[in-house]
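# Residue-level structural notes
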Amino acid sequence: MDLWEATKILFRRWYVTVPICVLAVLGAYAAGAQMDPEYVASSVGIMLPIDESGEQNIFGGTFEEAENPWEAAGAVATLRSVSLVLGADTVRSQIVDQGLAPTYSIEVEPRDPIVYIDVTDRNPDLALVTLDEMILRLEDELDARQSQVQAPETRRFRIEILSQSEVPLPDYSNRTRVRIVVLLLGLVLAAVAGLVFDAWAVARAERRDDEEDAGDSEGTPELETAATAELETIVEDEPIGKHVAAEDESDGDDYSTDEDEPDRSPVTVGARRRQYDASRADRASDEVESGRRTSGMSKRR
């Protein structure tokens, strides 16, 4: 069975597939409506170094010239290393132990020292608290790494928050995902049900035809045997002379004289007997044919 044949079967069995598809659509809508939206709290920050004169400088120097080794690596590399530390499983475990949301993400621009922090949770207040905690951890981790190399305060990187959510935004993508999954399952179920029902219907029709053919082949010899036996019984039990005498008497003629006596020679009696047997055989054949038609009509019903 190829795809085109399966498609034709599903269209032919639309009374099976269409109700299931309708139920799948209704179920997908109901399942999505029962899902609570997720709330996203986000923040955007930039990392800037400060030189001795207090002027902001986003460019890093060489290792020999810089008093802060992290400045030699560059602002982007430094910020990326800090974000990798905060995204580790150990930090997420600590966040969970504090009762905060572990569903957060920290991303850094490829060429600019800009960091994006997003926290997602079904509780909007918990998302805001977790966002504050992640900003604090980002600043503390950056300061701790620069303290390990004894970088002077005037040459250290710092985080400046450009924007931060005050009210988390609802995210309904979870509803969309649930609806898509339920709808796909419903479509698969409709296709399987249509194909299975078609196979069952075809097998049932073939079995019914086989039973009708077998019944016809079994019933016909019985009818023919019964009709033949009836014909033989009639011929044996009812002598031809009786019927001939009855026919002669019904004419009302007087056969007292030899001239009016009908011809009862062996030739004449034999001919009349053959004529009588032929008429009886025709009636028996008609009865067999009638019984055969009646049997066929009752089985088809």
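Residues numbered from 1 in each chain as written. Predicted model: local features only at pLDDT ≥ 70, side-chain atom pairs only at ≥ 80, totals over all residues. Heavy atoms only, no water.

## Details of the overall build of the protein chain
Stated formally: A helix here means a DSSP run of H or I that spans at least four residues, while a strand means a run of E at least two residues long, and both kinds are numbered starting from the N terminus. Accessibility here uses a 1.4 Å probe with only protein chains present; expressed as a share of the type maximum, an area under 20% marks a residue as buried, one over 50% as exposed, and anything in between as partly exposed. Here, two residues are considered to be in contact whenever any of their heavy atoms come within 4.5 Å of each other. Computed by Shrake-Rupley with a 1.4 Å probe, the accessible areas treat only the displayed protein chains as cover when residues are assessed.
Counting its secondary structure elements, the protein chain contains nine helices and five strands. In sequence order, the protein chain lays out its α and β elements as α-α-β-α-α-α-β-β-α-β-β-α-α-α. Buried residues in the protein chain amount to 27% of all 301 residues. Put simply, of all contacts in the protein chain between residues at least 6 apart along the chain, 75% involve residues at least 24 apart. Surface accessibility of the protein chain: about 19,600 Å² in total, with carbon and sulfur atoms responsible for 56%.

## Quick look at the confidence of the model for the protein chain
To be explicit about the condition: What pLDDT reports is the predictor's confidence in each residue, on a scale of 0 through 100.
For the protein chain, the average pLDDT comes to 77, and 67% of its residues sit at 70 or higher. Considering each helix and strand of the protein chain separately, the mean pLDDT is smallest for helix α8 (residues 240-250), with a value of 47, and largest for strand β3 (residues 114-121), with 94. A low-confidence stretch, residues 52-65 (pLDDT under 50), is modelled with 21 contacts involving residues beyond four sequence positions or located in other chains. Throughout residues 240-260 the model reports pLDDT below 50, and contacts reaching past four residues in sequence, or to other chains, amount to 16 contacts.

## Here we look at a negative patch on the surface
Quick note on the threshold: What goes into a patch is any residue over 30% in relative accessible area without a salt bridge, connected to like charges within 9 Å or, for nonpolar side chains (Val, Leu, Ile, Met, Phe, Trp, Tyr), within 5 Å. Between Lys or Arg on one side and Asp or Glu on the other, a salt bridge is scored when a side-chain nitrogen of the former is within 4 Å of a carboxyl oxygen of the latter. Note that His is not counted, nor are the chain ends; the positive residues are Lys and Arg, and the negative ones are Asp and Glu. Just so you know, the charge point we use is NZ for Lys, CZ for Arg, CG for Asp and CD for Glu.
Residues E206, D209, D210, E211 and D213 make up a contiguous surface patch of negative charge. For E211, the location among the structural elements is in helix α7 (residues 173-237). Taking the relative accessible area as the measure of exposure, E211 reaches 55% and is therefore exposed.

## Concerning the packing of aromatic side chains
Convention followed: Only the six-membered ring of Trp is used, alongside the rings of Phe and Tyr, when aromatic pairs are assigned; centres must lie within 6.5 Å, and planes under 30 degrees apart are stacked while those over 60 apart are edge-to-face, with the rest tilted.
Inspection of every chain in the model, using the stated rule, returns three aromatic pairs. Measuring from centroid to centroid gives 5.8 Å for Y15 and F197, while their planes differ by 90 degrees, and the two rings are edge-to-face. Placement of the pair is Y15 in helix α2 (residues 14-34) and F197 in helix α7, with a sequence separation of 182 residues. Y15 sits in the partly exposed class, given a relative accessible area of 37%. According to the relative accessible area criterion, F197 is partly exposed, its value standing at 27%. The interplanar angle of 40 degrees and the centroid separation of 5.8 Å between the aromatic rings of F197 and W200 together place this pair among those described as tilted. Highlighted residues: F197 and W200, both in helix α7, separated by three residues, approximately one helical turn. Owing to a relative accessible area of 46%, W200 belongs among the partly exposed residues under this scheme.

## Examining unusual backbone geometry
Of note in this structure, Q150 is not a glycine but carries a positive phi near 55 degrees. With respect to the element layout, Q150 can be found in the loop between α6 (124-148) and β4 (157-164). On the basis of relative accessible area, Q150 is assigned to the exposed category, the value being 69%.

## Describing the nonpolar core
Selection rule: Take the buried residues of types Ala, Val, Leu, Ile, Met, Phe, Trp, Tyr and Cys, join any two whose side-chain atoms come within 4.5 Å, and each joined set is a nonpolar core.
Core analysis: the largest hydrophobic core is formed by 25 residues, its most contacted members being I117 and L138. Only β1 (38-49), α4 (75-86), α5 (89-97), β2 (104-108), β3, α6 and β4 provide two or more residues apiece to this core. If you tally residues by element for this core, the top one is α6, at seven residues. Aside from chain neighbours lying at most four places away, what touches I117 is A41, S42, S43, S105, I106, L131, M134, I135 and L138.

## A look at the pattern of salt bridges
One pass over the structure, following the stated rule, counts six salt bridges. A salt bridge links E160 to R158; the shortest N-O distance between them is 3.9 Å. For R158, a relative accessible area of 30% corresponds to the partly exposed category. Salt bridges here are not isolated pairs; linked through shared partners, they connect R12, R13 and D198.

## Thoughts on the packing of helix α1 (residues 3-12) against α2
Describing two packed helices takes the angle between their axes plus the distance from one axis to the other. Cut-off, in case you're wondering: Here an axis means a line fitted to C-alpha atoms, over the contact stretch when the element is a helix, while the angle between two N-to-C directions is reported on a 0 to 180 degree scale. Note that the term roughly parallel is reserved for angles under 35 degrees, roughly antiparallel for angles over 145, roughly perpendicular for angles of 65 to 115, and oblique for everything else. Any residue outside Ala, Val, Leu, Ile, Met, Phe, Trp, Tyr, Cys, Pro, Asp, Glu, Lys and Arg is labelled polar, Gly included; the first ten of those are nonpolar and the last four are charged.
The interhelical angle for the contact between α1 and α2, taken along N-to-C directions, is 85 degrees, at an axis separation of 5 Å. Considering the angle they form, α1 stands roughly perpendicular to α2. Contacts between α1 and α2 pair L10, F11 and R12 from the former with W14, Y15 and T17 from the latter. The class makeup of the residues in the contact of α1 with α2 is four nonpolar, one polar and one charged.

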